[in-house]
Amino acid sequence: MENNLPRRREAAGLSQGELAEAVGVTRQTINAIERERYDPSLELAFKLAAHFECHIEDIFQPEENND
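These figures come from a predicted structure and were not determined experimentally. (Residues numbered from 1 in each chain as written. Predicted model: local features only at pLDDT ≥ 70, side-chain atom pairs only at ≥ 80, totals over all residues. Heavy atoms only, no water.)

Trainee: Please explain a negative patch on the surface as it appears in this structure.
Mentor: On the surface, a cluster of negative charge is made up of Glu2, Glu36, Asp39, Glu63 and Glu64. Residue placement: glutamate 36 occurs in the loop between α3 (27–34) and α4 (42–51). On the basis of relative accessible area, glutamate 36 is assigned to the partly exposed category, the value being 36%. (Patch = residues over 30% accessible without salt bridge, like charges linked within 9 Å, V, L, I, M, F, W, Y side chains within 5 Å. Areas by Shrake-Rupley, 256 points an atom, 1.4 Å probe, with all protein chains shown as cover. Salt bridge = Lys/Arg side-chain N within 4 Å of Asp/Glu carboxyl O. Lys, Arg positive; Asp, Glu negative; His and termini not counted. Charge placed at Lys NZ, Arg CZ, Asp CG, Glu CD. Helix = DSSP H or I, 4+ residues; strand = E, 2+ residues; numbered from the N terminus. Buried < 20%, exposed > 50% of the residue type's maximum accessible area, 1.4 Å probe, protein only.)

The structure is reproduced here in C-alpha cells:
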C-alpha cells in the first residue's frame, strides 16, 4: 500500500522512534510501513491518522490493480 508517512513524519519533526512510541509500535514497524513492506492493521492506521489529525486516506492510498 502506498503511503506518504515519511513526508508527514518528517514535516512534524519526528524520528521513526518518536512516532513509533506515540502510536505504540516499534521503530522497525514504522520503518517497514514507510518502505511499503508492511501494511498496517486498521487499528494502527487509525492511530497514525489520529496522531497526524487527518483521515486514513490522507496517509494511505491502495495500489491500483489494472488487471
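Trainee: Would you take a moment to explain the side chain of asparagine 4 for this structure?
Mentor: Secondary-structure assignment places asparagine 4 in the loop between β1 (2–3) and α1 (5–11). In this structure asparagine 4 comes out as buried when scored by relative accessible area, which is 16%. In terms of polar contacts, asparagine 4 uses its side chain to reach the backbone carbonyl oxygen of aspartate 58, at 2.9 Å. Once you skip the residues sitting within four places of it in the chain, asparagine 4 turns out to touch Asp58, Ile59 and Gln61. (Polar contact = N/O pair within 3.5 Å; in protein donor to acceptor, adjacent residues only side chain to side chain. Contact = heavy atoms within 4.5 Å.)

Trainee: Is there a simple way to explain α3 in this structure?
Mentor: One turn of an α-helix holds 3.6 residues; hence residues three or four places apart share an orientation. All of the buried residues in α3 are Thr29, Ile30, Ile33 and Glu34. End-on, the buried residues of α3 take up no more than an arc of 135°, which puts them together on one face. Where the residues of α3 are buried, they touch β1, α1, α2 (16–23), α4 and β2 (60–61). Where α3 ends, the next residue or the one after it, glutamate 36, has phi of about 60°, a positive value. (Arc of directions from axis to C-beta.)

Trainee: How should I be thinking about the packing of α2 against α4 in this particular structure?
Mentor: For any two helices packed against each other, one specifies the inter-axial angle together with the distance between the axes. Running from amino to carboxyl end, α2 crosses α4 at an angle of 110°, the nearest separation of the two axes being 10 Å. With respect to α4, the element α2 is oriented roughly perpendicular. Pair α2 / α4 crosses with right-handed handedness. In contact with Leu19, Ala22 and Val23 of α2, α4 contributes Leu44, Lys47, Leu48 and His51. Partitioning the contact of α2 with α4 into residue classes produces five nonpolar, one polar and one charged. (Axes fitted to C-alpha atoms, helices over the stretch in contact; angles between N-to-C directions. Parallel < 35°, antiparallel > 145°, perpendicular 65-115°, else oblique. Left-handed = near helix turned anticlockwise from the far one by under 90°. Nonpolar A, V, L, I, M, F, W, Y, C, P; charged D, E, K, R; others polar.)

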